[in-house]
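Structural characterization, general
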Amino acid sequence: MALKIVKGSIDRMFDKNLQDLVRGIRNHKEDEAKYISTCIDEIKQELKQDNIAVKANAVCKLTYLQMLGYDVSWAAFNIVEVMSSSKFTYKRIGYLAASQCFHESTDVIMLTTNQIRKDLSSPNQYDTGVALTGLSCFVTPDLARDLANDIMTLMSHTKPYIRKKAVLIMYKVFLKYPESLRPAFPRLKEKLEDPDPGVQSAAVNVICELARRNPKNYLSLAPLFFKLMTSSTNNWVLIKIIKLFGALTPLEPRLGKKLIEPLTNLIHSTSAMSLLYECVNTVIAVLISLSSGMPNHSASIQLCVQKLRILIEDSDQNLKYLGLLAMSKILKTHPKSVQSHKDLILQCLDDKDESIRLRALDLLYGMVSKKNLMEIVKKLMLHVDKAEGTTYRDELLTKIIDICSQSNYQYITNFEWYISILVELTRLEGTRHGHLIASQMLDVAIRVKAIRVFAVAQMATLLDNAHLLTGNVQRKGICEVLYAAAWICGEFSEHLDNPTQTLEAMLRPKVATLPGHIQAVYVQNAAKLFATVLKSQEGNTDSTAAQETSQLMIDRLPLFVQSANLEVQERASCILQLVKYIQKLQQKDVEIAEEVIALFAGELNPVAPKAQKKVPVPEGLDLDAWINEPPSESESEDEQPRAIFAKEEPKHSRPRHTEVDEKELAKRREARKQEQANNPFYIKSSPSSQKVYQEAPGVEHIPVVQIDLSVPLKVPGLPMSDQYVKLEEERRQKDRADKKKKEKKKRKEKRSGRGKRHDSGPESEEDITPAHMVDIVTEEMPENALPSDDDDKDPNDPHKALDIDLDKPLADSEKLPVRSHRAAEVLKSPAQDGDAESAASQEPKKKSSKEKREKKKDKDRDRKKSKEDKKKKKKHKHEEKGEDLLGGQAEEPVVQSEATSEVAAPPTSTTAEVSDLDFWLSNAPVPSNTQEAATVVAAAEAAPTSEVASGTAPDSEPDEPKDTETEETKSSKHKKKKQKKEKEEKEKKKKKKHHHHHHHSDGGGEESVQNGTVEEEEPLPPMSNYCLLAENSYIKMVNDIQGNLQDGSQVVVSVIFENKCDSFLKSMEFNVLDSLNSKLQRPEGSGPHDGLTVPFQLPPGVSNEARFVFTMQSIITPQKLKGTLTFIVKNEDSSTHEKLDFKLHFTCTSYLISTPCYSDAFAKLLESGDLKCSSVKLEGVVMPFHHLLARICFRHHFSVVERIDSCASMYSRSIQDHHVCLLVKTSGQTVSIDAKCDEPTLLGNVLDEIKQTFSQC
Amino acid sequence: MIKAILIFNNHGKPRLSKFYEHYNEDTEQQIIRETFHLVSKRDENVCNFLEGGMLIGGSDYKLIYRHYATLYFVFCVDSSESELGILDLIQVFVETLDKCFENVCELDLIFHVDKVHNILAEMVMGGMVLETNMNEIITQVDAQNKMEKSEVTSVLA
């Protein structure tokens, strides 16, 4: 064996390696392809050998050839072989090759599942890493489903290197297997607070990517991200978070208000351009979302615009580009503030950099007004002439059209001018956008009735000079314009000055060289023109003119009859026959014109692009119902062909018809009429048929085009053109005398088709504004249909599947597929337990039908498993208690609670969710003592109502896995027992800014004692947990300490720094002297005595909050740490170093975390006998009992378990899972507290602290 | 998300191509050609962002590139990435290559494209930025190379 390996490696020495291959290719420049094909032959030989080293070398070479464009998919199986090598070296080569050339339809991927799973669980972290990297490139839905659970386990790997990769790849897994999102989400969320910055960054990355597509589902994470934003110093993370907030603010304007201040601080303080730019961007997004009711943010807008102007003026082209990009966002809502920088933007139009010119063009779009439109377009037209590349010129062309046509031609005051511009654009060489110009011409001519006369004249000229457009081969695209010209001339032929000439022009032999669809329009509209001409000529006494016209048609049409294009042929031969018949009648001196005209009578109205989709399905019409029963499957195969040709088989439809009674028929007829009336595509061409519909009962549903009659378009007795002239004159009369002349001149110019070049200033344009000489016909839409409905989401977008409500609790079917024999391993992860258990009690979310099917299958298995789960879990020490409670009960309520909550839960859980977010949002951005306390009270008062409203549903948001578990197990029970819940608890927990789990809002329909009484009792006094840390003349620090449930050894100290002086405070550094027991967590790489930089600066009068994490070993005694804050006080002329010493007091209370507990669980806990007892008596307490309870809850992190009159039981848990139970009784002014805890020292200290709290008041 | 990372020289010869979305080989080559065409005709002192490119992307995507001596480094990214951030990332990438190859030049990339891939894999994974800290990247790359070396010597020994 060893010999073989040695032999293999010797063989290998004689093979070409990658370097040799590259060298060879470089030496065969002339016949590269030939050389490579011999190399590929060699590689094929190498792949046939047994030696894995040789194979790996071959695969490595293939990877290189793949980059050069050679298909190497034939070696897919060999790649899999190399991937499964036990050597890291080869494995890495295999995975690299796979990541470069595997994709969803590579069939050997199926074979890799087990190999990848093995690599993922390899003891070597780099094996795992390489597998994750590879998998991220070629993960398929199958792989995602099979491996989701393994990857999820890796998210809690001990090595941050693996954790961050596992977190990142989850995004790909979600995309391919959307069902995994909900089960995996709690852990993903947990990773946002991972101690390793890389893992944290990866989690932020994934959540931002998810939230970008479906922001509303992630709104509840806003507080968490806000915290990260104020505490993180990693610019990458900050940028991602700030971008995410940019996506969230449009959904929640209050979030924006909260963001403005920290973002403005960042803008002022950061030196990183990338971060500054993203902050500006998000501030803009905030301002947009606030733009409705908040006028007082003009300072922020000014700040943004100023910063952007600096960017645009920068010599760095990148900043210039980004500045313009961001500017275009402001433009949408605050055009005024941008318009003042018009000079700068027009200047950018002349930049040598095309990217910058394009961005500047985008900005122009929003900068036009009625006043400056003509001026800007004139400038653009100059650029069109100068532009060298067709791409840029085409871009200019589309921009001109965009600018002019935006919001229903809002800024066009003179459509003659616009038509002239369009005509001028047809002279562009080599543009691809002929169809765009054509559609504009059509649109304007159809919708702006007043312009038709002018348009028709211009179009007739175009048709006359068609050879100019079609002469050059290069101008292929532009001949589309003739399509529009021909149609306009035909449809509105009554406005033509010389229809005969136009008719002649349309029938020229040269027309036959145009594309078929244009010819077809020519032929059809020639017929319309013919009708008009006929009518005008028949009035004359001399009938020869009319007969000549018919003869012209008969002479020219045969050319089109011979066309190769079917449509041209069909129309031409049809019309030719018609004309021949007309000619016959003419020879008999029959007046025929009226009847010919009638062929084309009726107005064609513009139809909105989405109208068809918006046609409502009439009541009683089921589109999915069969009109005729489908043929049964057995006969379908043989009989299908016959059925197509044979008449409808009566036996299917007959019986149904007979069942329908007269009433039903009438109803259907009614429905059909309704439908026809609503259907814009239902052709109502002939006037007679229209009449019928007007008499029909459904007539009011015919969409009526709203015409603004402030401009009387049709004055009886006056032809359209005269009316137009008259309007113009009226307007001019209003003009001041000195402008009259100018105006007239301008009008003349326009008449001659060169309106664009008039040189009148913007003042005269403004005068045009009030004239409203045109009225724009709106597009037709079915009634009640909103054109703005966002129905244009791409149904194929993979992110659509990820639009999943993450706040709903997990259902039993929502589990990642696990291979059964690995079940035990899976149990190690607490989150998994939580999932399994929550499954027992929570309502199922809406599922795809597929999932439902799966669910049925899985249900039994799942239950069995969850039973097992529970047994095994008993071994976990800290879960013991929750376990006992669950014992036999959890199984039974499954069905029941599922059934009830399915109906009641969804709306209520969201209510609770929203109200929590509401609370956070209503909080002041930088809470000062009084403010915060005030809001707390407000919430306390508001709480009862929302509590009742939230009904039976357990609150959602599974924050921490351990927590959800206990919480949810209890909740099933909870519902059954209908216990009461404390509003104090809610208040307190909200205060903690979602740092911890949620309470269960209960109420269950019964009047809860608590809720009932609280409303009568007087409001609670303001309370805050922030206490003074230190203060001097420059700065004041207040702090609060909270335990971190995720990590039993961590507490988070939140410090609010308030600048009390008139100077700028910067470079603040926070440092403490660590003790043996407690240490400040410092970033990796810094020494044990280094201070932490506070991530913000403080302008005068501003306060901001920073958080510091401390690691604790023992939590049973209170501790004090000495610390120092150093900072620089910066005045206008000087800056001084200052410092402030403080003592950080960690009370035992700060290690407690209020945890909900239910009375039976509580009772079991007390009975268990593990707890040590202690008690304390408080004298002279004069506050109401509920205030007392609230104070204990609030100050000492307890939650009320049950309250009966003047007696209450309370519960809390330490971060190291000590249970603390209190029984509080009051009589008169004496309060006695009996307490039990499994750690007597801790209990003693907590009681002392409680005593102190009440002695102070 | 990053859709693709391309490195090619002043003549459009690909030196590394990493697509985070599947295209067949012909389309990949076309994309490289088209990208080269777009990027190469730009002056030295214009901005590093580029819109358009018919084959790759669409309106949401941008090409962000840097030109170093004979090589173009091009990232195709969507709007969730910070433009300036990606420019920094390219810089980190090049600096990392410089450290790993000791004064990197085009020849290093030509002959050791596999190593470049391995370095890139520590920075970007599946189109998402994995690590931006150069020291961390180099640590991981070195550790893996060391492992590879030990395996090779054990085979030969």
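Residues numbered from 1 in each chain as written. Chains lettered and ligands numbered in written order. Predicted model: local features only at pLDDT ≥ 70, side-chain atom pairs only at ≥ 80, totals over all residues. Heavy atoms only, no water.

The name given to chain B in an unreviewed UniProt entry is AP complex subunit sigma, with the source organism recorded as Sander lucioperca. In the Sequence similarities (unreviewed entry) part of its UniProt record, chain B is described as follows: "Belongs to the adaptor complexes small subunit family." (UniProt positions renumbered as here; feature names shortened; annotations may be inferred.)

Remarks on the packing of helix α2 (residues 83–101) of chain B against helix α4 (residues 113–123) of chain B
Residue and element names in this part refer to chain B. Look at α2 against α4: their axes get within 11 Å of each other, and the N-to-C directions meet at 135°. Here α2 lies oblique to α4, going by the angle between them. The chirality of how α2 crosses α4 is right-handed. Residues L89, V92, F93, T96, L97, C100 and F101 of α2 form the contact with α4, whose participating residues are K115, V116, I119, L120 and M123. (Axes fitted to C-alpha atoms, helices over the stretch in contact; angles between N-to-C directions. Helix = DSSP H or I, 4+ residues; strand = E, 2+ residues; numbered from the N terminus. Parallel < 35°, antiparallel > 145°, perpendicular 65-115°, else oblique. Left-handed = near helix turned anticlockwise from the far one by under 90°. Contact = heavy atoms within 4.5 Å.)

Remarks on the interface of chain B and chain A
At the interface, 60 residues of chain B touch 63 residues of chain A. Surface buried jointly by chain B and chain A totals about 5,700 Å² across both partners, of which 56% is contributed by carbon and sulfur atoms. For chain B, the biggest contributors to the area lost against chain A are F111, M125 and M128 of chain B; these three give 12% of the whole. At the junction of chain B and chain A, the tally comes to 31 residue pairs in polar contact (both at pLDDT 80 or more). Broken down by secondary-structure element, the contributors of at least two residues to the side of chain B that touches chain A are β2 (14–19), α1 (25–40), β3 (49–50), α2, α3 (106–111), α4, β7 (128–129) and α5 (134–156) of chain B. (Buried area = accessible area lost by both parts, 1.4 Å probe. Polar contact = N/O pair within 3.5 Å; in protein donor to acceptor, adjacent residues only side chain to side chain.)

Concerning a nonpolar patch on the surface
A surface patch of nonpolar side chains, amounting to about 350 Å² of accessible area, comprises F77, M110 and L111 of chain A. With respect to the helices and strands, the residue L111 of chain A is situated in helix α7 (residues 109–120). (Patch = residues over 30% accessible without salt bridge, like charges linked within 9 Å, V, L, I, M, F, W, Y side chains within 5 Å. Areas by Shrake-Rupley, 256 points an atom, 1.4 Å probe, with all protein chains shown as cover. Salt bridge = Lys/Arg side-chain N within 4 Å of Asp/Glu carboxyl O.)

What about the sheet that holds strand β4 (residues 62–68) of chain B?
Through backbone hydrogen bonds, the strands of a sheet pair up, either in parallel or in antiparallel fashion. Residues and elements named next belong to chain B. Strand order in this open sheet of 5 strands is β2-β1-β5-β4-β3, and the pairing throughout is antiparallel. The sheet is open, and its two borders are formed by β2 and β3, each paired with just one other strand. By the bridge criterion, 5 bridges tie strand β1 (residues 2–9) to β2 in an arrangement that is antiparallel. Bridge pairing links A4 to F19 in β2. Sheet strands in contact with α2 are β1, β3, β4 and β5 (71–77), and its direction is about 35° off that of β4. (Pairing = 2+ DSSP bridges.)

Things to note about the packing of aromatic side chains
Residues and elements named next belong to chain A. On inspection of all chains with the given rule, the structure shows 20 aromatic pairs over all chains. Seen in terms of ring centroids, W417 and Y418 are 6.4 Å apart; in terms of plane orientation they differ by 35°. Their pairing is tilted. Classification of W417 by relative accessible area gives buried; the value is 1%. What makes Y418 buried here is its relative accessible area of 0%. (Phe/Tyr/Trp six-rings, centres within 6.5 Å; stacked < 30°, edge-to-face > 60°. Buried < 20%, exposed > 50% of the residue type's maximum accessible area, 1.4 Å probe, protein only.)

Things to note about the confidence of the model for chain A
Residue and element names in this part refer to chain A. Chain-level pLDDT for chain A is 73 on average; 68% of the residues reach the 70-or-more range. Contacts of residues 821–858 to residues separated by more than four positions or lying in other chains number 76 contacts, the stretch itself having pLDDT below 50. Scored below 50 in pLDDT, residues 864–912 makes 68 contacts in the model with residues more than four places away or belonging to other chains. (pLDDT = per-residue confidence, 0-100.)

A short note on the side chain of N525 of chain A
Tracing the chain through its elements places N525 of chain A in helix α30 (residues 516–538). When residues no more than four places from it in sequence are discounted, the contact partners of N525 of chain A are A486, W487, G490, E491 and M506 of chain A.

Section: the environment of L120 of chain A
Residue and element names in this part refer to chain A. By the element assignment, L120 lies in helix α7. Exposure remark for L120: the relative accessible area of 3% places this residue in the buried category. In this structure, the C-alpha to C-alpha distance between L120 and I162, residues 42 residues apart in sequence, is 9.5 Å.

Considering the sheet that holds strand β6 (residues 1092–1093) of chain A
Residue and element names in this part refer to chain A. Strand order across the open sheet formed by 4 strands is β6-β4-β8-β9, with antiparallel pairing between neighbours. Looking at strand neighbours, the two that pair on one side only are β6 and β9 (1135–1146), the edges of this open sheet. With 2 bridges connecting them, strand β4 (residues 1064–1072) and β6 associate as antiparallel partners. Bridge pairing in β6 places F1070 opposite L1092.

Digging into the pairing of strand β8 (residues 1119–1130) of chain A
A regular strand places its side chains on the two faces of the sheet in alternate fashion. Residues and elements named next belong to chain A. With 7 bridges connecting them, β4 and β8 associate as antiparallel partners. Note on β8: the bridge partner recorded for E1069 is T1126. In terms of strand pairing, β8 meets β9 through 12 bridges, oriented antiparallel. When the sheet's bridge partners are listed, K1130 is paired in β9 with S1135.

Notes on the state of the cysteines
As enumerated under the stated definition, the model contains 0 disulfides over all chains in all. Free of any disulfide, C1148 of chain A has its nearest neighbouring cysteine sulfur in C1237 of chain A, separated by 9.7 Å. (Disulfide = S-S within 2.5 Å.)

Quick look at helix α5 (residues 76–83) of chain A
Residues and elements named next belong to chain A. Of all 8 residues making up α5, 6 are buried, and the element is well covered by its neighbours. Every buried residue belonging to α5 is among A76, N78, I79, V80, V82 and M83, and all of these are buried. In this structure, the buried side of α5 is in contact with α3 (32–48), α4 (52–67), α6 (88–101), α7 and α8 (125–138).

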